[in-house]
Amino acid sequence: MNAPVVLFAYKRARELRATVEALRKNHLAAESDLFIFVDAPKKAEDWPKVYEVHQVLDELTGFKSIYRDYAKSNIGCADSIIRGISYVLDRYPTAIIVEDDLITAPNFLDYMNQSLKQYENDKKIYSIAGYTFPFERPSDYPYESYFVPRHSPWGWATWRDRWQSIDWELVDYPEFRQDKYQQKAFNQGGSDLVKMLEDQMEGRSDAWDIRFCYNRYRANGLTVYPTISKVQNIGFGHEATHTNIYNRYKTTLDQGSQRQFKLSPQVEATPYYHQKTLQRYSVVTRIYNKLKTYAGMR
């Protein structure tokens, strides 16, 4: 059985139309159950945008079944996603998660379902990522997946047992906050992780994914990535919640004709790809990104 697809939307109808159109074109769309969750707006003036999103989703077809959940009052970004994924994983052993600003390749669902089956019994794997940076694949690397100690929320999948193991309150955070060794170890997934966790725990952000990534770190877990991206993010702009103007994450999207993948059986961080990922999240790269964003907003 294919994993159900969980789609989250809010108030961006234009991006959502592109997201659902691409998702409908997936080879496995008609064989997949779709669960839709839409949060209610924080501000009354945003209701027309949310209603437009409802209209887009009310007309959606092309899946095995469609379940729609439209919130009556604002839940919040993080709690809305945690609630929706928990609802689905209480009923299914796996789930594939997509948000309303992602374009998926036609073989996205193929890749996700194969990866979920391949790594189901390896508890070190916490999640399957659909997105990857456009890293050049080494000529001697035989696989179409790699491993990095960092979660990616842009089109991803996980299992019930991994999800239900998450401590969303992060009860051991005070200990972590005082331990430089642990912070250095967490940043092996990228030098921005500790700061993002601080922002979450000190109320400066409303994010679920950094808490998921922290729990992955605590379990010494990894995320599986494709060597060619199955996802492109189109949500960079003024309406986006967690992204900015300059898109340093633009990647090469798989054309989607391949439907069987050679997945790596070596469940450990892949040195070449791990190093490349660290470079992308380095302080120098992040400063450059901010400067480009500032220039684009002028």
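This is a predicted model, so every value here is computed, not measured.

**Section: the overall build of the protein chain**
At step 1: Secondary structure summary: the protein chain contains eleven helices and ten strands in total.
At step 2: Taken across its 298 residues, the protein chain has 54% of its residues classed as buried.
At step 3: Across the protein chain, the fraction of contacts at a sequence separation of at least 24, relative to all contacts at a separation of at least 6, is 83%.
At step 4: Just so you have it, the protein chain exposes about 14000 Å², and 50% of that area is on carbon and sulfur atoms.

**A closer look at the packing of aromatic side chains**
Each aromatic ring pair is summarised here by two numbers: the centre-to-centre distance and the angle between the ring planes.
At step 1: Overall, the coordinates contain 35 aromatic pairs when judged by the stated rule.
At step 2: Where Tyr 131 meets Phe 133, the ring centres are 5.6 Å apart and the plane angle is 75°; that geometry is what we call edge-to-face. Grouping residues by exposure puts Tyr 131 and Phe 133 together as buried.
At step 3: Grouped by ring-pair contacts, the aromatic residues Tyr 131, Phe 133, Phe 135, Tyr 141, Tyr 143, Tyr 146, Trp 154, Tyr 225, Tyr 272, Tyr 273 and Tyr 281 constitute a single cluster.

**A look at helix H2 (residues 47–58)**
At step 1: The end-to-end C-alpha distance of H2 is 16 Å, a good match for the 16 Å that twelve residues give at a rise of 1.5 Å each.
At step 2: Looking only at H2, the buried set comprises Val 50, Val 53, His 54, Val 56 and Leu 57. With its buried residues spanning 160° around the axis, H2 presents them on a single face. Those residues of H2 that are exposed and aimed more than 90 degrees away from the buried face are Pro 48 and Gln 55.
At step 3: Here the buried face of H2 lies against strand E1 (5–9), helix H1 (13–24), strand E2 (33–38) and strand E3 (65–70).

**Observations regarding the packing of H1 against H2**
At step 1: At a minimum axis separation of 9 Å, H1 and H2 run at an interaxial angle of 20°. Between H1 and H2, the interaxial angle falls into the category roughly parallel. In terms of crossing hand, the pair formed by H1 and H2 is right-handed. Two secondary-structure elements touch here, H1 through Ala 13, Leu 16, Arg 17 and Val 20 and H2 through Glu 52, Val 53, Val 56 and Leu 57.

**Remarks on the nonpolar core**
At step 1: Grouped together as the largest cluster of nonpolar side chains are 53 residues, with contacts concentrated most on Leu 57, Tyr 119, Ile 125 and Ile 128.
At step 2: It is helix H4 (residues 108–118) that provides the largest number of residues to this core, a total of five residues.
At step 3: Not counting the four nearest positions on each side in its chain, Ile 125 is found in contact with Tyr 119, Phe 147, Trp 159, Arg 162, Leu 222, Val 224 and Val 267.
At step 4: Formed by 20 residues, the second largest nonpolar core is a distinct cluster that contains Leu 89, Tyr 126, Trp 156 and Trp 208.

**Describing the layout of surface pockets**
At step 1: The computed volume of the second largest pocket comes to approximately 160 Å³.
At step 2: Lining the second largest pocket are Met 1, Asn 2, Ala 3, Pro 4, Tyr 92, Pro 93, Thr 94, Asn 113, Leu 116, Lys 117, Glu 120 and Trp 159.
At step 3: No other element matches the three residues that H4 contributes to the lining of the second largest pocket.
At step 4: A breakdown of the residues in the lining of the second largest pocket according to their chemical character gives seven nonpolar, three polar and two charged.

**Structural notes on the pattern of salt bridges**
At step 1: Overall, the coordinates contain 17 salt bridges when judged by the stated rule.
At step 2: Where Asp 101 meets Arg 12, a salt bridge forms, and the shortest distance between an N and an O atom there is 3.2 Å. With a gap of 89 residues between them, Asp 101 in the loop between strand E4 (94–99) and strand E5 (102–104) and Arg 12 in the loop between E1 and H1 connect regions that are remote in the sequence. Of the two residues examined, Asp 101 and Arg 12, each falls in the buried class.
At step 3: Between Glu 202 and Arg 204 there is a salt bridge, with its nearest N and O atoms 2.8 Å apart.
At step 4: Given a relative accessible area of 48%, Arg 204 falls into the partly exposed group.

**Digging into the confidence of the model for the protein chain**
At step 1: Taken as a whole, the protein chain shows an average pLDDT of 92; of its residues, 90% reach a score of 70 or greater.
At step 2: Predicted confidence is poor over residues 238–246, with pLDDT under 50, and the contacts of this stretch with residues over four places away or in other chains come to 25 contacts.
At step 3: Scored below 50 in pLDDT, residues 291–298 makes five contacts in the model with residues more than four places away or belonging to other chains.

**As for the side chain of Glu 198**
At step 1: Considering the arrangement of structural elements, one finds Glu 198 in helix H8 (residues 193–201).
At step 2: Here Glu 198 falls in the buried class, since its relative accessible area comes to 13%.
At step 3: A polar contact of 3.2 Å, which involves the side chain of Glu 198, links it to the side chain of Arg 177.
At step 4: Discounting residues that sit within four places of it in the chain, Glu 198 has contacts with Tyr 173, Arg 177 and Arg 204.

Procedures and definitions
- Residues numbered from 1 in each chain as written.
- Predicted model: local features only at pLDDT ≥ 70, side-chain atom pairs only at ≥ 80, totals over all residues.
- Heavy atoms only, no water.
- Helix = DSSP H or I, 4+ residues; strand = E, 2+ residues; numbered from the N terminus.
- Buried < 20%, exposed > 50% of the residue type's maximum accessible area, 1.4 Å probe, protein only.
- Contact = heavy atoms within 4.5 Å.
- Areas by Shrake-Rupley, 256 points an atom, 1.4 Å probe, with all protein chains shown as cover.
- Phe/Tyr/Trp six-rings, centres within 6.5 Å; stacked < 30°, edge-to-face > 60°.
- Expected span 1.5 Å × (residues − 1).
- Arc of directions from axis to C-beta.
- Axes fitted to C-alpha atoms, helices over the stretch in contact; angles between N-to-C directions.
- Parallel < 35°, antiparallel > 145°, perpendicular 65-115°, else oblique.
- Left-handed = near helix turned anticlockwise from the far one by under 90°.
- Core = buried A, V, L, I, M, F, W, Y, C linked by side-chain atoms within 4.5 Å.
- 1 Å grid on protein atoms, 1.4 Å probe; cavity = no way out; pocket = protein on both sides within 12 Å on 5 of 7 lines; lining within 4 Å.
- Points joined across faces, edges and corners; volume = space filled by probe spheres on them.
- Nonpolar A, V, L, I, M, F, W, Y, C, P; charged D, E, K, R; others polar.
- Salt bridge = Lys/Arg side-chain N within 4 Å of Asp/Glu carboxyl O.
- pLDDT = per-residue confidence, 0-100.
- Polar contact = N/O pair within 3.5 Å; in protein donor to acceptor, adjacent residues only side chain to side chain.

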